[in-house]
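# Chains, contacts and geometry: an overview
Read off the chains here:
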Amino acid sequence: MTDGRGRAREAELGPTGNVRAMRIGLVGAGNMARALARGWGDPVLACDAGSGRASALVAELGGEALASNVEVARRADLVVLCHKPWQLEAVATEISGEVKAVASVLAGTTIAALQEAYPGVPVFRLIPNTPVEVRRGVTCYTPTEGVPHELELQVIALFERVGVVVTLSEAVVDAAAAVSSVGPAYTALLVEAQVDAAVRYGLAAPVAARLVTETIAGAAALLAERGYDTLTVRREVASPGGTTARGLAALERAGVRTAFQDAIDAVRSWSSK
Ligand SMILES: NC(=O)c1ccc[n+]([C@@H]2O[C@H](COP(=O)([O-])OP(=O)(O)OC[C@H]3O[C@@H](n4cnc5c(N)ncnc54)[C@H](OP(=O)(O)O)[C@@H]3O)[C@@H](O)[C@H]2O)c1
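Not measured: the values here are computed from a predicted model. (Residues numbered from 1 in each chain as written. Predicted model: local features only at pLDDT ≥ 70, side-chain atom pairs only at ≥ 80, totals over all residues. Heavy atoms only, no water.)

## A look at a nonpolar patch on the surface
A grouping of Leu-203, Val-207 and Leu-211 is seen on the molecular surface, where their side chains present a nonpolar patch of about 240 Å² in accessible area. Here Val-207 lies in helix α10 (residues 205-225). (Patch = residues over 30% accessible without salt bridge, like charges linked within 9 Å, V, L, I, M, F, W, Y side chains within 5 Å. Areas by Shrake-Rupley, 256 points an atom, 1.4 Å probe, with all protein chains shown as cover. Salt bridge = Lys/Arg side-chain N within 4 Å of Asp/Glu carboxyl O. Helix = DSSP H or I, 4+ residues; strand = E, 2+ residues; numbered from the N terminus.)

Take a look at the structure:
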């Protein structure tokens, strides 16, 4: 189409005829911003607090490292807040008059706090984890009442591009994040501990790391296939009186359940302060 309406329509539609992708701006260019940007794989608009991490991200993915948060807010359709939670007020003071919509990944930061910082702006609360970088992330999403439905669908679709999005009420989202957003670190520690143990029995560290990591990935896929029924998966490996049962008993004696309970208690007690 060549008339005015046609051109306007072309501007809205991407090459595949889909609604034009939202222009994403990142305020903060640290670990979570980088993981999301790599997962999305698009050129970025980003700003940092002076470290140069935004420029490094742009060197990798294309786009522009902008000189100020205000410029990010002006240029983006959706600003993703990737700074630390305690910087909410300072950043909002700079950009709340310019920003069109805000998606926050800030741990422990409620929708009410986001709405107070960004009055009149549609705000979205999401807690992703670092595997978004390889499009295997888990993002906890807490719906905000009264936001435009189309925009909400676009925000959810954006995070679904980099993994699964699990919708949860705000009452439980911090508990959820205390397993999913911190989980990659726990898994890395579990791998490391098993590798060290295997090295003592003569395995080369890189071989042990591959064995353990691929076993975790495979076991995770099997658990999903079995409807997350952990007992079934355990019993399929541990025959009565067998070696796996002895290994599991040793882990129980060492307090593996208590250790994970202590870990979630520690995360929750800190993030609810
Ligand atoms: N890491 C995770 O696994 C994870 C998981 C879930 C949620 N989150 C959330 O993601 C957010 C970022 O965490 P992170 O681990 O990525 O932290 P990080 O690596 O320390 O990155 C923080 C970024 O914010 C930038 N920044 C600080 N003050 C700023 C300001 N006034 N304006 C613009 N940018 C500013 C920093 O700039 P410089 O580079 O110049 O220092 C840095 O690039 C946090 O709110 C956290 O709760 C993280």
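## Points about the nonpolar core
In terms of nonpolar packing, the biggest core is built from 34 residues, with Leu-26, Leu-36, Trp-40, Leu-78, Val-80 and Phe-159 touching the most fellow members. When residues in this core are grouped by element, the largest group, six residues, is from helix α2 (residues 31-40). In this structure Phe-159 touches Leu-36, Trp-40, Val-105, Leu-126, Pro-128, Thr-139 and Val-165, once residues within four positions along its chain are discounted. Counting residues in hydrophobic clusters, the runner-up holds 23 residues, among them Val-99, Val-102, Leu-106 and Ala-117. (Core = buried A, V, L, I, M, F, W, Y, C linked by side-chain atoms within 4.5 Å. Buried < 20%, exposed > 50% of the residue type's maximum accessible area, 1.4 Å probe, protein only. Contact = heavy atoms within 4.5 Å.)

## Some details on the site of the ligand
Neighbouring residues of the ligand: 25 residues in total, closest Ala-29, Met-32, Ala-49, Ser-51 and His-83. With respect to the ligand, the backbone of Met-32 contributes an N or O atom lying 2.8 Å from an oxygen atom. Gly-50 is positioned such that a nitrogen or oxygen atom in its backbone is 3.1 Å from an oxygen atom of the ligand. Burial of the ligand by the protein amounts to 82% of the accessible area it has alone, namely 900 Å². Classifying every residue of the shell around the ligand by side-chain character gives 12 nonpolar, 10 polar and three charged. (Near = heavy atom within 4 Å. Polar contact = N/O pair within 3.5 Å; in protein donor to acceptor, adjacent residues only side chain to side chain. Nonpolar A, V, L, I, M, F, W, Y, C, P; charged D, E, K, R; others polar.)

## Some details on the packing of α2 against helix α3 (residues 53-61)
With their axes 11 Å apart at the nearest point, α2 and α3 run at an angle of 15° to one another. By the angle between their axes, α2 is roughly parallel relative to α3. The interaxial crossing formed by α2 with α3 has right-handed handedness. Taken together, the residues of α3 that come into contact with α2 (itself represented by Asn-31, Ala-33, Arg-34, Ala-37 and Arg-38) are Arg-53, Leu-57, Glu-60 and Leu-61. Class assignment of the residues belonging to the contact of α2 with α3 gives a composition of four nonpolar, one polar and four charged. (Axes fitted to C-alpha atoms, helices over the stretch in contact; angles between N-to-C directions. Parallel < 35°, antiparallel > 145°, perpendicular 65-115°, else oblique. Left-handed = near helix turned anticlockwise from the far one by under 90°.)

## Thoughts on the packing of aromatic side chains
Per the stated rule, a full pass over the model turns up two aromatic pairs. Ring geometry for Trp-40 and Phe-159: centres 5.6 Å apart, planes at 80°, overall edge-to-face. Remark: Phe-159 occurs in helix α7 (residues 149-160) and Trp-40 occurs in helix α2; sequence separation between them is 119 residues. One exposure class covers both Trp-40 and Phe-159, and it is buried. (Phe/Tyr/Trp six-rings, centres within 6.5 Å; stacked < 30°, edge-to-face > 60°.)

## Points about the domain arrangement of the protein
Per the domain assignment, the segments making up the protein are domain 1 (6-169) and domain 2 (183-271). In this structure, domain 1 and domain 2 have C-alpha centres spaced 34 Å apart. (Domains from an automatic or database assignment.)

## Topic: α7
Taking 1.5 Å per residue, 12 residues should reach 16 Å; α7 reaches 16 Å between its end C-alpha atoms and fits that length. For α7, the set of buried residues is Leu-151, Glu-152, Val-155, Ile-156, Leu-158 and Phe-159. The buried side chains of α7 occupy one side of the element, clustering within an arc of 155° when seen end-on. The outward face of α7, more than 90 degrees from its buried face, is lined by the exposed residues His-149 and Glu-150. Lining the buried residues of α7 we find β1 (24-27), α2, β4 (78-81), β6 (123-127), β7 (137-142) and β8 (163-167). (Expected span 1.5 Å × (residues − 1). Arc of directions from axis to C-beta.)

## Some remarks on the packing of helix α9 (residues 183-200) against α10
Where α9 meets α10, the closest approach of the two axes is 9 Å, and the angle between their N-to-C directions is 135°. With respect to their mutual orientation, α9 and α10 come out oblique. For the pair α9 and α10, the crossing hand works out as right-handed. Along the contact surface, α9 presents Thr-187, Val-191, Gln-194, Val-195, Ala-198 and Val-199, while α10 presents Ala-205, Ala-208, Ala-209, Val-212, Thr-213 and Ile-216.

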